[in-house]
Amino acid sequence: MTLHSNLGHVSASYVNLLFDWLAHTHPEVAARMPFTRPVAGELNRIEVPQWQSMLDWTYQALEDPAMPLKIAAHVRPANMGLLGYVASCCSNLGEAFARLQQFENLVYSVNALEVALQNDQIILRWGAERGRPGHWVDSVAIGVLVAFTQHLIATPVYPHRVQFINAKPVNPADFDAFFQCQVGFDGDYTEVVWPASLLEIPLKSPDQVMRSMLDQQARLLLKQVKAGEESIAGLQKALQESVTAGVPTLNEVARRLCVSTRTLQRRLQEQNSSFREELEKVRVEMAKNCLQAGELSLADIANFLAYNDQSAFTHAFKRVTGLSPAKYQRAKRQ
């Protein structure tokens, strides 16, 4: 293993993709696997060198150069953890890609993702500032990104171009066929280039587990407001949806309400309130539901609600409720 990264981690849910694929396609190899299947969970991390070793061992056992692409094709939302569920509930791929940039470290924390719009194209780019994890790790990662994107939409849309920072493998034709475009190697960056129109493509049916949680949050928020008595019609729903989309900003909420930001601010002032106060109340109500459900860690809830970090979430929650999130959760369980 040369030029491999010594930094970074991948999630246990993501690593389980390898175990799932082997059990499904090569059970005899899975039975000989010298590595233990990790327990899935957002806080359970696998260091990159160990992930490299798992993939290297699998290749030695199979001697199939198309192995990383076949693993990637087997991806399911559960392998993407919280990111998979949240992305599945976005309204379009633009929102899903925004969540990818926000939550990527929960699943795949190796080199930082940069997203840029250029000449009617959206470019997803990874450098090598933390090292090069190698051909197997990168090939699975980019294959998973494209395969998971196809899971989200009804009609497949493939990249315009894919480029790897790694050397050209012995089977470039397999890569061209998988990505449905010409794939480059030995690049300065690893890149996936999509048409910008991809951002507007609506997603197919969202993941029902996460959708159920979000619907319950919406009901909890809206049941406090009787029909026709909401001071600004649709505000609660617009706030909740903007948080879910990962863009809880004044501009985004105003856009969803089809009013100008100045009008929204004026109307809130007339109610002796502010955008920050209303957003904080909605976030805290959503957090209460997540805490009572008990499915997500505090760090995951902070990320899901688009806080900068867990500390900001904890301070906001305590400011509104008088309790820390952990104490609130314990009190509800008791």
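Before any of the text, the structure's been laid out above.
Everything numeric in this text was worked out from a predicted model, so none of it was measured. (Residues numbered from 1 in each chain as written. Predicted model: local features only at pLDDT ≥ 70, side-chain atom pairs only at ≥ 80, totals over all residues. Heavy atoms only, no water.)

A. Layout of the sheet that holds strand β4 (residues 113-118). Read from one edge of the open sheet, five strands run β4-β5-β8-β6-β7, paired in mixed fashion. Both outer strands of the open sheet, β4 and β7 (183-184), are each paired with one neighbouring strand and no more. Sheet topology places strand β6 (residues 161-163) next to β7; two bridges connect them, and they run parallel. Opposite glutamine 163, over in β7, you have glycine 184 as the bridge partner. Lying over the sheet, helix α7 (residues 135-152) contacts β5 (121-126), β6 and β8 (190-195), oriented at roughly 15 degrees with respect to β8. (Pairing = 2+ DSSP bridges. Helix = DSSP H or I, 4+ residues; strand = E, 2+ residues; numbered from the N terminus. Contact = heavy atoms within 4.5 Å. Axes fitted to C-alpha atoms, helices over the stretch in contact; angles between N-to-C directions.)

B. Summary view of the packing of aromatic side chains. This structure, assessed with the given rule, holds eleven aromatic pairs. Taken together, a centroid distance of 5.6 Å and an interplanar angle of 10 degrees make the contact between phenylalanine 164 and phenylalanine 185 stacked. With phenylalanine 164 in the loop between β6 and α8 (172-179) and phenylalanine 185 in the loop between β7 and β8, this residue pair connects regions lying 21 residues apart in the sequence. Here the two residues phenylalanine 164 and phenylalanine 185 agree in accessibility, since each one is buried. Above the face of the tyrosine 189 ring, arginine 125 is positioned so that its terminal group lies 4.6 Å from the ring centre. Here the basic side chain of arginine 283 rests over the ring of tyrosine 307, its NZ or CZ set 4.0 Å away from the ring centre. (Phe/Tyr/Trp six-rings, centres within 6.5 Å; stacked < 30°, edge-to-face > 60°. Buried < 20%, exposed > 50% of the residue type's maximum accessible area, 1.4 Å probe, protein only. Lys NZ or Arg CZ within 6 Å of the ring centre and 35° of its normal.)

C. Spatial organisation of the sheet that holds strand β2 (residues 45-47). In space, the three strands of this open sheet follow the order β2-β1-β3, with antiparallel pairing throughout. Each edge of the open sheet carries a strand with a single partner, namely β2 and β3 (108-109). In this structure, strand β1 (residues 9-11) lies alongside β2, joined through three bridges in antiparallel fashion. Bridge pairing in β2 places serine 11 opposite arginine 45. The strands that helix α1 (residues 12-25) touches are β1, β2 and β3; relative to β1, the one it contacts most, it runs at about 75 degrees. Those strands touched by helix α3 (residues 48-62) are β1 and β2, and its axis lies near 75 degrees from that of β2.

D. Examining the environment of methionine 33 more closely. Position of methionine 33 among the secondary structure elements: in the loop between α2 (27-32) and β2. In this structure methionine 33 comes out as buried when scored by relative accessible area, which is 12%. For the pair formed by methionine 33 and methionine 54, sequence separation is 21 residues and the distance between their alpha carbons is 8.6 Å. Apart from the residues lying within four places of it in its own chain, the contact partners of methionine 33 are Leu18, Phe19, Leu22, Met54, Trp57 and Thr58.

E. Here's a closer look at the packing of helix α11 (residues 250-257) against helix α12 (residues 261-270). It is the contact of α11 with α12, at a shortest axis distance of 9 Å, that shows an interaxial angle of 95 degrees. Between α11 and α12, the angle is such that the two are roughly perpendicular. Where α11 approaches α12, its residues Leu250, Asn251, Val253, Ala254 and Leu257 are matched on the opposing element by Thr261, Leu264 and Gln265. Partitioned by chemical class, the residues of the contact of α11 with α12 number five nonpolar, three polar and no charged. (Parallel < 35°, antiparallel > 145°, perpendicular 65-115°, else oblique. Nonpolar A, V, L, I, M, F, W, Y, C, P; charged D, E, K, R; others polar.)

F. Expanded view of the packing of helix α13 (residues 275-293) against helix α15 (residues 310-321). Axis separation between α13 and α15 bottoms out at 10 Å; the angle between their running directions is 100 degrees. Here α13 is positioned roughly perpendicular relative to α15, judged by the angle of their axes. Of the residues in α15, those touching α13 at Arg276, Glu280, Val284, Ala287, Lys288 and Leu291 are Phe313, Ala316, Phe317, Arg319, Val320 and Thr321. Its residues assigned to classes, the contact of α13 with α15 comprises seven nonpolar, one polar and four charged.

G. Examining the nonpolar core more closely. Of all hydrophobic cores here, the largest spans 62 residues; its most connected members are Tyr14, Leu18, Trp51, Leu55 and Phe179. The element contributing the most residues to this core is α7, with eleven residues. Setting aside residues up to four positions removed in sequence, phenylalanine 179 forms contacts with Leu69, Ile142, Gly143, Val146, Tyr158, Pro159, Val162 and Phe164. Core analysis: the next-biggest nonpolar cluster, separate from the first, contains 29 residues, Leu235, Leu250, Phe304 and Tyr307 among them. (Core = buried A, V, L, I, M, F, W, Y, C linked by side-chain atoms within 4.5 Å.)

H. Broad picture of α11. Residues of α11 that are buried: Leu250, Glu252, Val253, Ala254 and Leu257. Residues of α11 that are buried sit in contact with α10 (235-244), α12 and α13.

I. Main features of the pattern of salt bridges. What the rule picks out here adds up to eleven salt bridges. Residues glutamate 95 and arginine 256 are paired through a salt bridge, measuring 3.1 Å at the closest nitrogen-oxygen approach. Of this pair, glutamate 95 sits in helix α6 (residues 93-107) while arginine 256 sits in helix α11, and the two are 161 residues apart along the sequence. A relative accessible area of 24% places arginine 256 in the partly exposed class. Between arginine 125 and glutamate 191 there is a salt bridge, and its shortest N-O distance comes to 2.5 Å. Residue arginine 125 is found in strand β5, and its partner glutamate 191 is found in strand β8; the two are separated by 66 residues along the sequence. On the accessibility criterion, glutamate 191 (5% relative accessible area) is buried. Connected through shared salt-bridge partners, Glu95, Glu252, Arg255 and Arg256 make up one network. (Salt bridge = Lys/Arg side-chain N within 4 Å of Asp/Glu carboxyl O.)

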